[in-house]
Amino acid sequence: MAVALAVVWAALLAAWRWLGAAEWVLLPFLVLSLPAAWDLVTGRQAGLEIDCLAMRWWSGGHRGEARLSAIDHVRLERRFDLSLRARLVLPDGRRVTLPQDSLPPLATLETALAKAGLRSERHPFSLL
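Computed from a predicted model, the values in this text were never measured in an experiment. (Residues numbered from 1 in each chain as written. Predicted model: local features only at pLDDT ≥ 70, side-chain atom pairs only at ≥ 80, totals over all residues. Heavy atoms only, no water.)

Draft legend 1. Inspection of the pairing of strand S3 (residues 62-67) at higher detail. Looking at chain direction, strand S2 (residues 54-59) and S3 are connected through six bridges and run antiparallel. Paired with Trp58 across the two strands is Arg63, which belongs to S3. In textbook terms, the turn of a hairpin is the stretch between consecutive antiparallel strands, and for S2 and S3 this stretch comprises two residues, one of which, Gly60, has a positive phi near 65°. (Pairing = 2+ DSSP bridges. Helix = DSSP H or I, 4+ residues; strand = E, 2+ residues; numbered from the N terminus.)

Draft legend 2. Geometry of helix H3 (residues 106-115). For H3, the set of buried residues is Leu106, Leu109 and Leu113. Taken end-on, H3 shows its buried residues confined to a sector of 65°, consistent with a single buried face. Exposed side of H3, more than 90 degrees from the buried face: Ala107, Ala114 and Lys115 are the residues found there. Gly117 occupies a position one or two residues after H3 and carries a positive phi of about 80°. (Buried < 20%, exposed > 50% of the residue type's maximum accessible area, 1.4 Å probe, protein only. Arc of directions from axis to C-beta.)

Draft legend 3. Structural view of the nonpolar core. Grouped together as the largest cluster of nonpolar side chains are 16 residues, with contacts concentrated most on Met55, Ile71 and Leu88. Among the elements of the structure, S2, strand S4 (73-79), strand S5 (84-89) and H3 are those that each provide at least two residues to this core. (Core = buried A, V, L, I, M, F, W, Y, C linked by side-chain atoms within 4.5 Å.)

Draft legend 4. Summary view of the sheet that holds S3. Across the sheet, three strands lie side by side as S1-S2-S3; this open sheet has antiparallel pairing. On the outer flanks of this sheet lie strand S1 (46-50) and S3, each paired with one strand and no other. Adjacent strand axes in the sheet meet at a mean angle of 5° when their direction is disregarded. In this structure, S1 lies alongside S2, joined through five bridges in antiparallel fashion. Of the residues in S2, the one forming a bridge with Ala46 is Ser59. (Axes fitted to C-alpha atoms, helices over the stretch in contact; angles between N-to-C directions.)

Draft legend 5. Structural context of the pairing of S4. The buried fraction of S4 amounts to five of the seven residues, a majority that puts the element mostly inside the structure. The sheet contact formed by S4 and S5 spans six bridges and is antiparallel. Bridging from a neighbouring strand, His73 pairs with Val89 of S5. Counted between consecutive antiparallel strands, the loop separating S4 from S5 contains four residues, among which Leu82 sits at a positive phi close to 70°.

Draft legend 6. Region of the structure containing the environment of Gly60. Inspection of the secondary structure assignment puts Gly60 in the loop between S2 and S3. The class for Gly60 is partly exposed, based on a relative accessible area of 26%. Residues Gly60 and Gln45, spaced 15 residues apart in sequence, show a C-alpha to C-alpha distance of 5.6 Å. Residues in contact with Gly60, not counting those within four places in the same chain, are Arg44 and Gln45. (Contact = heavy atoms within 4.5 Å.)

Draft legend 7. Region of interest: the side chain of Ser59. Locating Ser59 in the fold gives a position in strand S2. Look at Ser59 and you get buried, because its relative accessible area is 4%. Contacts of Ser59, omitting those with residues within four sequence positions, involve Arg44, Gln45, Ala46, Pro99 and Asp101.

Now the structure itself:
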């Protein structure tokens, strides 16, 4: 993430310095990069762990856990912005949405779910 942030800031600086881009044009891009810089400075961690008894996830200060026996299936939704959303569907129909930044790549996630004995459903696109 540090490399990507450095590349973005270098491109903004180059656009301002050598291409003569106006500050008001570059400012929104700089502001959009500030949350990533904050995550880098604070050392924010995110991840997902599945063992034989439970699934645990964390993202920043938020943590969650669900027993595997309490999960009916996992719903994997591809959104129109091509991001992935994973929801744990409980037997009573309630859904628990996992933080997006805690998710591994889709193939890795599906393999881990299968090894844990959890059924996963893929849904290509979801508006909401």
